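Read off the chains here:
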Amino acid sequence: MQDTAAPPWPDSLWAADPGSLPAHAPLAGDRRVDLAVIGAGYAGLNAALEAAGRGAEALVLEARQPGWGASGRNGGFACLGGTLFGAAALARRFGADRAAEAHRCQRAAIDRVAANLAEYGIDAQTGPVGEVCLAHRPAAMAGLADEADFLNRAHGLGVTMLPRDALAERGLGPAGFAGGALTPVGFPLNPMAYAQGLAGAATRAGIAIHGSSPVTALIHDGGGWLLRTPGRTVRAGRVVLAMNAYADPALGGARTTLTVPSSILVTRPLTSAEEAAQNWPSRAMAYDSRRLLHYFRRLPDGRFLFGMRGGFGTDRAALGAIRSRMRRHFAALFPEWAAVETAFFWSGLVALTGRGLPFIGPVPGRPGVFAAFGFHGNGVALASEAGRGAAGLALGDALDTVPALFRQPPTRLPPGWLARPALSAMLRGAALLDGPLRRRTA
Ligand SMILES: Cc1cc2nc3c(=O)[nH]c(=O)nc-3n(C[C@H](O)[C@H](O)[C@H](O)COP(=O)(O)OP(=O)(O)OC[C@H]3O[C@@H](n4cnc5c(N)ncnc54)[C@H](O)[C@@H]3O)c2cc1C
């Protein structure tokens, strides 16, 4: 259960001026609607907008405020992804046709974000199109080339390989990477501006978004559902669960995700001398080829955003350990900036599923309840599309409007205390395979 007495915004660059973020009032009276959405991140807000577009009466209940979850504190990479697998691995594991269908959905998700920004007039300070994967060691170039070849053959994506020298020419080094692959889709944005823009659009479309309104119970009642929030109730014919990593498993009926932290540090704006010393003027989205990857980009005001997944727990001690580790990794990968101060550091949760695939579909055993979750740390685009998909299903769309891979009922997972040791061993194994993090030199 969420603690509504806690401060409403986690520390982050995106919420550096919390007073500028509108506060949505709690549910003040009992309501009856066609569709109730639980959670006001990208998935929930897109679900609400989809419902409004189809003329359904919808309402959003949010435990904190819109964008309080991962949607208001991510790295802002609107990119392909959302599963635990690369594109070639997805095809090997699940078959070419089903993987191609999932890929089309991931591409449509990026277009969805762009369309949302245009349609609702959201200024999300977007950056250049494309995403670069950087080889963390020379041997990783072969894997990048294979994946690029697959993406070009199977999906006509136009991925180009960048030899080491080309990185410097593009203002992506020298940072010691062995080369890279440029995927010409996706774009960076200010994630909170996107979330707030969606919330504003939903409000203008007549959707009530209630902040500080955690749903504490979801009860099947006659033909529909009764949602309890502190002191108030909502009756709804259909429900969309859009809580992702912040979900209370009791509401979904089963434990279907494991959560791990993803954390971000942001520097102060870099001077032009610092930019030149590291030769990193590029504003492109970038990440490295490690299994426990680092993701990074320059922000429009010249700051550097550096993110990393991994670690356990979100208490003070755990976050302190993650922060120190990230600082070490940052200094090793960007030695010219080793002394540049951290201006912001924050953390959030990402959700993993047992199949390594997101879920968009009807919740088994709960007629009229649909869900969208499990984006594996890549949900800026996919959660947007998933929210639309889940609302569409709730309002009568055929099940096959969602890719077959994404509508398979999620597997039940053991409780966190039982699953943690296995996950911890997996993360340690991945770090070992990634190899040591050496200080990079030009
Ligand atoms: C640090 C970090 C960096 C990331 N970087 C990227 C990136 O660069 N690119 C990318 O694609 N993805 C990234 N992600 C992942 C991405 O942010 C998420 O996949 C996406 O935001 C999920 O959106 P959502 O709407 O499903 O969930 P969320 O945005 O987490 O929203 C869920 C909401 O549900 C609410 N809620 C929970 N329980 C209840 C309840 N009982 N009643 C009412 N409300 C409830 C929560 O308060 C929360 O606001 C990152 C994640 C993190 C944590």
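Residues numbered from 1 in each chain as written. Predicted model: local features only at pLDDT ≥ 70, side-chain atom pairs only at ≥ 80, totals over all residues. Heavy atoms only, no water.

**A few points about the packing of helix H2 (residues 87–94) against helix H4 (residues 140–155)**
Selection criterion: Fitted lines through C-alpha atoms give the axes, limited to the stretch in contact for helices. The angle between two N-to-C directions lies from 0 to 180 degrees. What counts as a helix is a DSSP run of H or I of at least four residues, what counts as a strand is a run of E of at least two, and both are numbered from the N terminus. Oblique is the label for any angle not covered by the other classes, which are roughly parallel (under 35 degrees), roughly antiparallel (over 145) and roughly perpendicular (65 to 115). The contact criterion used throughout is that any non-hydrogen atoms of two residues lie within 4.5 Å. Residue polarity follows a fixed list, in which Ala, Val, Leu, Ile, Met, Phe, Trp, Tyr, Cys and Pro are nonpolar, Asp, Glu, Lys and Arg are charged, and the others, Gly among them, are polar.
At their nearest, the axes of H2 and H4 sit 8 Å apart, and the two run at 70° to each other. Between H2 and H4, the interaxial angle falls into the category roughly perpendicular. For the pair H2 and H4, the contacting residues are Ala87, Ala88 and Ala91 in the first and Glu147, Phe150 and Leu151 in the second. Partitioning the contact of H2 with H4 into residue classes produces five nonpolar, no polar and one charged.

**As for the side chain of Thr83**
This is how it is decided: When accessible area is computed with a 1.4 Å probe and restricted to protein chains, residues below 20% of their type maximum are described as buried, those above 50% as exposed, and intermediate ones as partly exposed. Here a polar contact is recorded for every N or O atom pair within 3.5 Å, except that within protein the pair must consist of a potential hydrogen donor and a potential acceptor, and residues adjacent in sequence are included only if both atoms are side-chain atoms.
As for its position among the elements, Thr83 is in the loop between strand E3 (77–78) and H2. By relative accessible area, which is 10% here, Thr83 ends up buried. Polar contacts involving the side chain of Thr83 include one to the main-chain amide nitrogen of Phe85, which spans 3.0 Å. Leaving out residues up to four positions away in the same chain, Thr83 has contacts with Leu90, Gln106, Gly356, Leu357, Pro358, His376 and Phe406.

**Notes on the side chain of Thr233**
By secondary structure assignment, the location of Thr233 is in strand E11 (residues 232–241). When its relative accessible area of 19% is taken as the criterion, Thr233 is described as buried. If sequence neighbours within four positions are ignored, Thr233 has contacts with Leu27, Gly29, Asp30, Arg31, Leu226, Leu227 and Arg228.

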